[in-house]
Amino acid sequence: MFTGTLFYKLGGQYDPQKMNSVRALGFVSTMSIMLINLVQLPLYMLQRPIFYKHRAQRFFRVSSYIVAHCIVNLPQTLIEALAYTVCIYFLAGLSLAGNGAPFFAYLALLSLVAYFGSSIFFFLSSISSIPEVGNALAGLVVSIFLLFSGFVIYPSNIPIYWKWLMYVNPIHWANVSFCWFQFSNSYTDPCSIYISQLPFCDQLPTLTVGQAYLKFYELSEDARRPWLPYVVILGWTLVTNFLALLGLKNIEFSGTSQSLPYLRKTPMISKYREDAENESLSYNNYSENLGNSDTSRFSMPQTSWMGYGKMKQNCGIERWVEEFHVDLERNGLDLPLEPATLLFENVSFTRYNQGTKDNTAAFSNITGYAKPHHMVAILGGTRTGKATLLKCLAGRVPSTGNLSGNIQAYGFRTGAAFSRLIGYVEKLDAHQPYLSIRESLQFSAALRLGKAVNSLGRSIHVELILNQLGLLPYSNHLVGSLCDATGKTFEIAKKITIAVELAANPSILFLEEPISGLDTAGTSTILNILSQLSNSGRIIIASLTHPSTRILSSFNLALILTHKGHQAYFGPVGCNCTVLLDYFKSIPKAPHYSKRQSPVSYVMGALGFDIQKRQTHLLNYAEIYEASSLQAANSKKVCNVRKMMKGKTANNLASTYPAPYSWQAILVLQRTQRFLWRNVQYTYGRLTGCIMIGLLMGSLYYQIEYKDIYGVTSRTLYIYMQVILIGVISANNIIPQIGTDRLVYFREKRARMYHPFFYPVSWAVGEIPYFFIATLAVVGIGNGMAGIGTESIAVFLKYWLVLFIFTLCVTYFGMMITFLAPLPTLAAFAVSIVTSMWVSASGVVVVLSDISFYRWMYWSNPFQFAMNVMTSISFYCNTKECASNCSCPKLPDNSFVWDRVASIRSLNQERGNIDILILSAMCLLFASLAFIFFIVLKHNSPPQS
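The rules we used
Residues numbered from 1 in each chain as written. Predicted model: local features only at pLDDT ≥ 70, side-chain atom pairs only at ≥ 80, totals over all residues. Heavy atoms only, no water. 1 Å grid on protein atoms, 1.4 Å probe; cavity = no way out; pocket = protein on both sides within 12 Å on 5 of 7 lines; lining within 4 Å. Points joined across faces, edges and corners; volume = space filled by probe spheres on them. Helix = DSSP H or I, 4+ residues; strand = E, 2+ residues; numbered from the N terminus. Nonpolar A, V, L, I, M, F, W, Y, C, P; charged D, E, K, R; others polar. Patch = residues over 30% accessible without salt bridge, like charges linked within 9 Å, V, L, I, M, F, W, Y side chains within 5 Å. Areas by Shrake-Rupley, 256 points an atom, 1.4 Å probe, with all protein chains shown as cover. Salt bridge = Lys/Arg side-chain N within 4 Å of Asp/Glu carboxyl O. Buried < 20%, exposed > 50% of the residue type's maximum accessible area, 1.4 Å probe, protein only. Core = buried A, V, L, I, M, F, W, Y, C linked by side-chain atoms within 4.5 Å. Contact = heavy atoms within 4.5 Å. Polar contact = N/O pair within 3.5 Å; in protein donor to acceptor, adjacent residues only side chain to side chain. Pairing = 2+ DSSP bridges. Right-handed = clockwise from strand over helix to strand, strands pointing away.

Novice: How do you make sense of the layout of surface pockets when you look at a structure like this?
Specialist: For the second largest pocket, the calculated volume is near 870 Å³. Asn20, Tyr217, Ile709, Thr713 and Ile904 are, among the 32 residues lining the second largest pocket, the residues nearest its centre. Counting residues per element, the ones that place at least two in the lining of the second largest pocket are α2 (16-35), α9 (199-203), α29 (709-750) and α35 (897-905). Of the residues in the lining of the second largest pocket, the class split is 20 nonpolar, six polar and six charged.

Novice: Please clarify how a nonpolar patch on the surface should be interpreted in this entry.
Specialist: There is a patch of nonpolar side chains on the surface, built from Leu82, Val86, Phe90 and Leu96 and spanning about 350 Å² of accessible area. Mapped onto the elements of the fold, Phe90 is located in the loop between α4 (62-89) and α5 (97-127). Here Phe90 falls in the partly exposed class, since its relative accessible area comes to 42%.

Novice: Teacher, can you tell me more about the nonpolar core here?
Specialist: Within soluble globular proteins, side chains that are nonpolar tend to cluster in buried spots. Core analysis: the biggest nonpolar cluster contains 186 residues, and Leu147, Val152, Phe200, Val209, Tyr701, Tyr720 and Met721 have the highest contact counts within it. Residue contributions to this core peak at 18 residues, all from helix α31 (residues 793-820). Setting aside residues no more than four positions away along its own chain, Met721 makes contact with Leu146, Leu147, Val152, Met697 and Tyr701. Counting residues in hydrophobic clusters, the runner-up holds 100 residues, among them Leu379, Ile526, Phe555 and Tyr593.

Novice: Help me understand the environment of Tyr657 in this model?
Specialist: Along the polypeptide, Tyr657 turns up in the loop between α26 (629-646) and α27 (661-678). A relative accessible area of 12% places Tyr657 in the buried class. Here Tyr657 is in contact with Arg420, Gln664, Arg752, Met753, Tyr754, His755 and Pro756, once residues within four sequence places are set aside.

Novice: Hey, could you run me through the environment of Val86 in this one?
Specialist: Note on placement: Val86 falls in helix α4. With relative accessibility at 39%, the residue Val86 sits in the partly exposed group. Considered as a pair, Val86 and Leu107 are 21 residues apart in the sequence and their alpha carbons are 8.7 Å apart.

Novice: Any chance you could explain the side chain of Asn783 here in plain terms?
Specialist: Following the sequence through the fold, Asn783 ends up in helix α30 (residues 758-786). The exposure class of Asn783 is buried, given its relative accessible area of 0%. Side chain to side chain, Asn783 and Tyr799 meet in a polar contact 3.5 Å long. Every residue in contact with Asn783, bar those within four places of it in the chain, is listed here: Tyr718, Gln722, Val778, Ile788, Thr790 and Tyr799.

Novice: For this particular structure, what's the right way to read the pairing of strand β7 (residues 508-512)?
Specialist: Residues in a regular strand point their side chains to alternate faces of the sheet. Across the five residues of β7, five count as buried, placing the element largely inside the fold. Of the two faces of β7, the one carrying Ile508, Phe510 and Glu512 and the one carrying Leu509 and Leu511 are both buried. As paired elements, β7 and strand β8 (residues 539-543) share five bridges and run parallel to each other. Looking across to β8, one finds that Leu509 is bridged to Ile540. Chirality of the crossover, the property in question, places the unit of β7, helix α21 (residues 520-535) and β8 among those that are right-handed.

These results come straight from atomic positions and should not be treated as a statement about function.
Here's what the structure looks like:
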């Protein structure tokens, strides 16, 4: 609809500009209908693992899958083409001669192009390892189709070594077919009546206007066989589907990492080893000088130094690491832990149900405590109720309800100071994939310990955590490279999540389902780690679902909820859960206990949580607990804990965040820079793409001269294509990266690591160095080869500056839409639509004088400002002050090139600096709106359950 109204009633008019717009409509419509199918590329890649699974189990042949895909795509393609054709054809006033034959030819043409677009992106999905690679290949293919379509550069200007690409380009043949049907049927008046009005009629007065136009713009030779474009497009469709068949049959991307864990020396360990060697060498020299009689006086130091000598003989880095950490712990170099006691009394949470407007109690009147060295397990209740209780005890109260009761630790109630004592290990292991494990811990420690601990102290603290959790062998690996590299992926991921929280040196550690998804060995490892942390003086509180007796026996205390969220038990577990079992067996009318049952399954079954519900009436275990002696003993202990806390003074903290804002800004920016520069598929893939675009465009437009209208038009369209390719690719590439990193941000925000403002700022600033280099590569290579904007260093630098600002502008626009849209797929769709509208309304395919409904879009269009400024920089020459020997380039009709271009495009060289300022202002506007949307909109906040 937008394209139809943009080209409103331009068809059938004998005006050179309007006839050029009709030709441009063919180019725009064929490219648009093909690019509509680009959104299918990520969907095809999502379906690929299912196909691999079915292929491995021989559900069907690969050829059957391809045929089914082709058949399913037919109805969708026809509907797309029909809707697009109807919206455009009649609004643009295109030809209806010959009983509407051009209309049906156009419909058939767009149907084939749309089907070809779906096929080419399906093929690219079959040979792309990840979405970033698929997007890069799609961008390269689309660039080739655009550049060699015969529209952005005249066939006579294409170098001989690239001619073949135009003749095998299906988009070129689609444009030829469109122009043939429109100009041969609509413009049938003889050229003789338009002499001196239409420039091509002056050269070809014996032909009709349509025939003269086709011949003048070098389309008549290719249009001699009207059936050929359909054959070429259909042939390409068959070829791409056959290539997709080969790709799916012979290629499988398993997603496994190519990197295996290895151990590298850190600077700290290297220095420690060097010092140890020096001490050992000094001792050996000293003992040789003293002799055996004197050495006996140094028996104790000798033992210690001989330890170093033994380590040196082993020469194993693992041995050095072990001794290094033992020495750190022995000398008390780790951070001191502040022991804290957690108290919670009559804690209740009521959830708001917006649909029914009723309130539901997630849990009610939960009372208990946890002291240092305690491990507390939370069981029973509903899945959401148990998770909500854990969040509330950790001070992370969901916004979907109301919390009542008393929760405090070390004299602090829930708030900023309370959160400094807390570490919260989420069930989802979300981490930055392009940081090493050591860097992830250092990032967490720097932000959550703040300036209270110096750099050396934080480094030692991180090393001890890595050693304690068994992560040293993987510490220098990127987190993303550990996937499937060791066979213990889930165990390592859970260890990293725990380690990141331990970096804050918490007194209380909460864990959501810490053993979920782990095998027996992984479960045992995690439980041993939690036991060690508890022995160090921390409180461990974890939610568990259907644990075994051995697992539950690892905990000191158990807090069990009923189905309705009431407290059924809080007390000791005992060895093999004997204390817990004895309590429930002692309840009158409790179910009979069979020795074949495990204690945990008996207790859960009594509460109604077993898989096969018991037919007997469930007892009210909440009331039984309230009347029990266990509850009375717990009440006394809670009173004692409350009295103990009254004597402690709790000072409120002035800042919500441990680290100062300047520190937060630097660390978050550094983290984002590492994400960008280590993401090879994203950053280096884009940089390689920019270099290839520069080489491709430079070789295609190589040294085109001003000798005729063909050369001038081709040189202006070089800038048009450069802006389109760089702008559209930059706006779309940022979307999946921010979408991937969003889960990590949610975890960091819940942990109150830094102010949310610094996250979008780090992305905005982090992209600047890349685009500084990428735009320089494009301009330096492409413009240098084409000889555009290279008249002087000042012209080159100004051209580069404008392209750099424009690239930042559209990237910030993509970032803004990403933060505005709730889903990355919606953001990608919105960015594609808006950029397509901007490109169409930029004053090139439809000049400003012919734009009627969308002038507002022309003046609010960054593509227009960039194209106009860059065209003015490249073509401007002061023709008003030219003398007879003027060096300004001229056309064969003796008119100046600049005057011709300026009149057609409505350019004004004096407006250049203002346009640069407007482009810069739009850049700042999009960045500011991105920051505002990110902070204000609810979907950019961590979800609460």
